[in-house]
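Notes for the structure review
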Amino acid sequence: VAGRPVWPAFYVAVARFGIPHRYFRSMIEGVSSDLEPRRIRTFDELYGYCYRVASVVGLVIVHIFGFESGEALELAEKCGIAFQLTNILRDVKEDAERGRVYLPEEDLNRFGIHPAALSGVDKPPRFDELMGFEAARAESYYQAAMPLVTLVARESRASLGTLIHI
């Protein structure tokens, strides 16, 4: 592994912090799914995607931050969902222009928005309502995840609290 110092460091970090390998497999699966244009039908589908690309990152980080209660893992998952929902809301137009619509079809239908309209010049009617609905969903995950700050090691709390508040 000469000339590639990242791999030994990665191996040591995974072993030192007891990070389950399944998180990395999920992460690879999630990132790989972004190689193709995508449509998501339901929030359950979106949740699975968010878990694979963001919650597993939170689960890895919480192992590094340190925790004692198993509840920290459940809350780290919710925190990752909140972060990824926020990323999706920030990039709706750009993603749609690339053939990726992460907002669930069930939500688009509820607000009468055709997926193709997301990449248009003008906002579709009821777009602000849709975004408010989705933002409220993300906010509910942030609120649910807030107790995580008190469950990680004391020296990591300020970092995690800052990430969540930003």
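I will try to describe carefully the structure that is included in this document.

1. Examining the overall build of the protein
- From N to C terminus, the protein includes nine helices and two strands.
- Each helix and strand of the protein, ordered N terminal to C terminal, gives the series α-α-β-α-α-α-β-α-α-α-α.
- Across its three principal axes, the protein shows a C-alpha extent of roughly 50 × 40 × 25 Å.
- Looking at the protein as a whole, 41% of its 166 residues are labelled buried.
- In the protein, of all internal contacts separated by at least 6 residues, the share reaching a separation of at least 24 is 64%.
- About 9600 Å² of surface is accessible on the protein, with carbon and sulfur atoms providing 57% of the total.

2. Some details on the pattern of salt bridges
- Counted by the stated rule, this structure contains 11 salt bridges.
- The salt bridge partner of E29 is R52, with a shortest N-O separation of 3.6 Å. Of this pair, E29 sits in helix α2 (residues 21–33) while R52 sits in helix α3 (residues 43–65), placing them 23 residues apart in sequence.
- Ionic pairing is found between D107 and R110, a salt bridge with its closest N-O pair at 3.0 Å. Here D107 and its partner R110 are both found in helix α6 (residues 105–110), three residues apart, which amounts to about one turn of the helix.
- Accessibility expressed as a relative area gives 0% for D107, which makes it buried.
- Connected through salt bridges with shared partners, the residues D107, R110, E134 and R137 form a single ionic network.

3. Overview of the packing of aromatic side chains
- Under the definition given, this model contains eight aromatic pairs.
- Each ring, one from F43 and one from Y47, has its centre 6.2 Å from the other, and the planes form 75 degrees; the classification is edge-to-face. In this pair, F43 and Y47 are both assigned in helix α3, four residues apart and thus about one turn of the helix distant.
- Take F43: its relative accessible area is 12%, and that puts it in the buried class.
- Here Y47 and Y141 contribute two aromatic rings whose centre-to-centre distance is 6.1 Å and whose plane-to-plane angle is 50 degrees, an arrangement assigned as tilted. Of the two residues, Y47 is situated in helix α3 and Y141 in helix α7 (residues 127–145); the sequence distance between them amounts to 94 residues.
- Overall, Y47 belongs to the partly exposed group, its relative accessible area being 22%.

4. Some details on the nonpolar core
- Core analysis: the largest hydrophobic core is formed by 46 residues, its most contacted members being L46, L85, L103, L118 and L148.
- Elements represented by at least two residues in this core include exactly α2, α3, α4 (71–90), α5 (92–97), α7, α8 (148–151) and α9 (157–165).
- Counting residues per element, this core draws most heavily on α3, at 11 residues.
- Not counting chain neighbours up to four residues away, the residues in contact with L103 comprise I40, I88, L89, V92, L108, L118, L130 and E134.

5. Quick notes on α2
- Here α2 is 13 residues long and its end C-alpha atoms lie 19 Å apart, about the 18 Å a rise of 1.5 Å per residue gives.
- Buried within α2 are the following residues: Y23, F24, S26 and G30. One side of α2 holds all its buried residues, which, seen down the axis, span an arc of 160 degrees. Across α2 from its buried face, at more than 90 degrees, point the exposed residues R22, R25 and I28.
- Buried residues belonging to α2 abut α1 (6–17), α3 and α4.

About the cut-offs
Residues numbered from 1 in each chain as written. Predicted model: local features only at pLDDT ≥ 70, side-chain atom pairs only at ≥ 80, totals over all residues. Heavy atoms only, no water. Helix = DSSP H or I, 4+ residues; strand = E, 2+ residues; numbered from the N terminus. Buried < 20%, exposed > 50% of the residue type's maximum accessible area, 1.4 Å probe, protein only. Contact = heavy atoms within 4.5 Å. Areas by Shrake-Rupley, 256 points an atom, 1.4 Å probe, with all protein chains shown as cover. Salt bridge = Lys/Arg side-chain N within 4 Å of Asp/Glu carboxyl O. Phe/Tyr/Trp six-rings, centres within 6.5 Å; stacked < 30°, edge-to-face > 60°. Core = buried A, V, L, I, M, F, W, Y, C linked by side-chain atoms within 4.5 Å. Expected span 1.5 Å × (residues − 1). Arc of directions from axis to C-beta.

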